[in-house]
Amino acid sequence: MRMVSNGSGPPRFRLMMSDSRHSYASFLLATQLNHLPEENLLEPNCVCKVKKAVRNTMSDGRFVLVVVDMEILQSAEEAGGKIGDPTPYNTEGKTSPQQDPDSSASVSASPPPAAVPGPSYRNNSSHRGGFAGKSTMKVPPMNASPMKTSPMKTSPMKFSPMKVSPMKASPMKGSTTEVSPMKASPMKASPFKASPMKFSPMKAASTSPGYPPKVISIAQLNPYQSKWTIRARVTNKSSIRNWSNSKGEGKLFSFEIVDESGEIRITAFNKEVDKYYSLVEQGKVYYITKATLKVANKQYSTLNNDYEMTLHAQSSIVPCDDSQGIPAVHCDFVPIAELENRDNNDVVDVIGVCKSAEDVSRITTKSSREVSKRALSLIDTTGKVVTATLWGEEAEKFDGSGQPVVAIKGARLSDFGGRSLSVLFSSTVLVNPDIPEAFRLRGWFDQEGYKLNSQSLTETRSSGSGAKTNWKSLSDVKDEQMGHGEKADYFSCVATVVYTRKENCLYQACPSDGCNKKVIDQQNGFYRCEKCNREFPNFKYRLLLSANLADFGDNQWVTCFQETAEVLLGHSADTLGQLRDTDEAAFDEVFQKANFTTHIFKNRVKLETYNDEVRLKVTALEVQPIDHREYSRRLLSNIRKLAE
């Protein structure tokens, strides 16, 4: 056994193995088995069982056996040294005439009779539940002497079923060729008028057009392979991104694939983006071959694989109609309760029932880019709840009605506010996935989970703020003098709308993106924005609503901006503007309907000075409907605490 360095990748171990009769030195241990020699479980003279191996043919004709799965049966000490007196195994069989014909690693050395096809072997290492009934034919080089032309006294020769096409004297290297079952009628015993048949080594080629290629699993891939094909399902596909650095600029996209053995990330650049982006679809299965395999850059890939692929001009991606045995997603789910024991910034897979989902809100990043976000509360059978944040299009499209089961692959764990999860650009979000874990979770929640008094790992926080949010009554806000400090305070409350001021709740704003300043009517069909220093032929309506809220103890005036005002009134600003101009009665009715409705309000409170007058300003950041079941649980929990 010898360790071979592998540059920046994990080391590889080369093995010489013996079956007590023959020995062979070209065994290579797959990286996932590196722990065996590193822990001194695999050592010289130990007895082991090779459960799975893949044969890779090198460019010079030699082959290497990559050991993918192995079991240690006896340690070297228990075995008591070398077993037997093995002789070196020769793949051509010239020095080992007494080899085992049934061995899957050997090929018959003696050439078959000139008119009889070579033996057929099943390649067990290439199809794991794949193409049943197809076998491969290994044809050794044949040095046939000229056949005599005298009449054959034998009975008609019987071939195994075979579709016979004229054999061209093309070279044939000793690699496997895959042939379909052959249909042939017996040959007539008439004299042969054949000239000597010349056979030179034939290059491996499929004799049946359209026959599926030799397929290996993702776990069997390694940089030492020259020819391979994998069959896998696309689980995640990115959008096209542009890049620019000192070497130039271009575009790229990446996608992730999975089969029954594992997963891997594939990236395409420039011309390959144009070639494959429209072809690759999430959820579909493909044959993929001739991509470059390299050590994975963990900065961009969170998959559990030491390698990743890059497509090039010779790469091939072909749709596959046979998806049997290919999983929809490969996840290693972590129970929510265990997230407390994980390190900050760990990337994990989680699954849970979405107890509640906040409305979409928009925040401005440090780069002045607006993005959408939505927070989900997920619970699993551990009874713990964690908040997971969706971003961008994922947040806008998510539908939390019906409390669906949500599986997130590749979420980043954060210690912000206790424990919380954030969906990354490379993450995959599945709603009600067709997997056993989702069915078990659904049954548990419907039977008992919904009534569980759960505990959240994440502190409840207000959108757009980093401050802790507490449930307060309106009287608590004044009694505790909230907002009187240097920084604003945040609180949540359940309150009823008593009155809304419809006067001056709408104003005409600048129509340009990112500018909400009030415009001035020029009385000539144009509206001027002083901030943009431009005139526009149109404007957009914006809401700035004052509402009086009340609960059992007090009341409070709050300010609602565009998003919260639209939720409270149930109409968009544009609709309200049109109603005010065309149907004042309908406009008034909207405000009447909003009165005496009860909601959950998430608020910001701060003491401000305006015209030398100090006043407490409360701004509603979010307006949400009441989940009465959850609200009742919280009240019961408060009662228990008071009773202690």
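Q: Would you mind showing me how to read the overall build of the protein here?
A: Helix and strand counts for the protein stand at 10 helices and 35 strands. In the protein, buried positions account for 40% of the 644 residues. Within the protein, contacts between residues separated by at least 24 positions form 61% of all contacts whose residues are at least 6 apart in sequence. Per element, the accessible surface of the protein, about 36900 Å² overall, is 50% carbon and sulfur.

Q: What am I meant to see in the environment of Arg534 here?
A: Topologically, Arg534 is positioned in strand β30 (residues 534-536). Judged by relative accessible area, which is 47%, Arg534 ranks as partly exposed. Sequence-wise, Arg534 and Val519 are 15 residues apart; in three dimensions their C-alpha atoms are separated by 9.8 Å. Here Arg534 is in contact with Tyr527, Arg528 and Cys529, once residues within four sequence places are set aside.

Q: Help me understand helix α8 (residues 573-582) in this model?
A: Since there are 3.6 residues in each turn of an α-helix, residues three or four apart along the chain are aligned in direction. When we look at burial in α8, the residues that qualify are Ala573, Leu576, Gly577 and Leu579. One side of α8 carries all its buried residues, which in axial view fall inside an arc of 165 degrees. Opposite its buried face, α8 presents the exposed residues Gln578, Asp581 and Thr582, each directed more than 90 degrees away. Buried positions along α8 lie against β27 (506-509), β31 (540-543), α7 (562-569) and α9 (584-594).

Q: How should the environment of Met3 be read in this particular structure?
A: Within the secondary structure, Met3 is located in strand β1 (residues 2-4). Along the primary structure Met3 and Leu28 are separated by 25 residues, whereas in three dimensions their C-alpha atoms are 9.9 Å apart. Once residues within four sequence positions are removed from consideration, Met3 is found in contact with Pro11, Arg12 and Phe13.

Q: Is there a simple way to think about the sheet that holds strand β29 (residues 527-529) in this case?
A: Sheet strands pair by backbone hydrogen bonding; their relative direction is either parallel or antiparallel. Taken together, three strands build an open sheet; the order of strands is β28-β29-β30 and the sheet is antiparallel. Strand pairing shows two members of the sheet lacking a second neighbour, β28 (520-521) and β30, which therefore form its edges. In this structure, β28 lies alongside β29, joined through two bridges in antiparallel fashion. Along β29, the bridge assignment pairs Asp521 with Tyr527.

Q: Honestly, the environment of Leu506 in this entry has me stumped. Any pointers?
A: Relative to the assigned elements, Leu506 resides in strand β27. In this structure Leu506 comes out as buried when scored by relative accessible area, which is 7%. The spatial distance from the C-alpha of Leu506 to the C-alpha of Asp574 is 9.4 Å, given a sequence separation of 68 residues. Apart from the residues lying within four places of it in its own chain, the contact partners of Leu506 are Tyr541, Arg542, Leu543, Ala573, Leu576, Gly577, Arg580 and Phe587.

Rules used throughout
- Residues numbered from 1 in each chain as written.
- Predicted model: local features only at pLDDT ≥ 70, side-chain atom pairs only at ≥ 80, totals over all residues.
- Heavy atoms only, no water.
- Helix = DSSP H or I, 4+ residues; strand = E, 2+ residues; numbered from the N terminus.
- Buried < 20%, exposed > 50% of the residue type's maximum accessible area, 1.4 Å probe, protein only.
- Contact = heavy atoms within 4.5 Å.
- Areas by Shrake-Rupley, 256 points an atom, 1.4 Å probe, with all protein chains shown as cover.
- Arc of directions from axis to C-beta.
- Pairing = 2+ DSSP bridges.

Taken by themselves, the reported measurements are silent on function.
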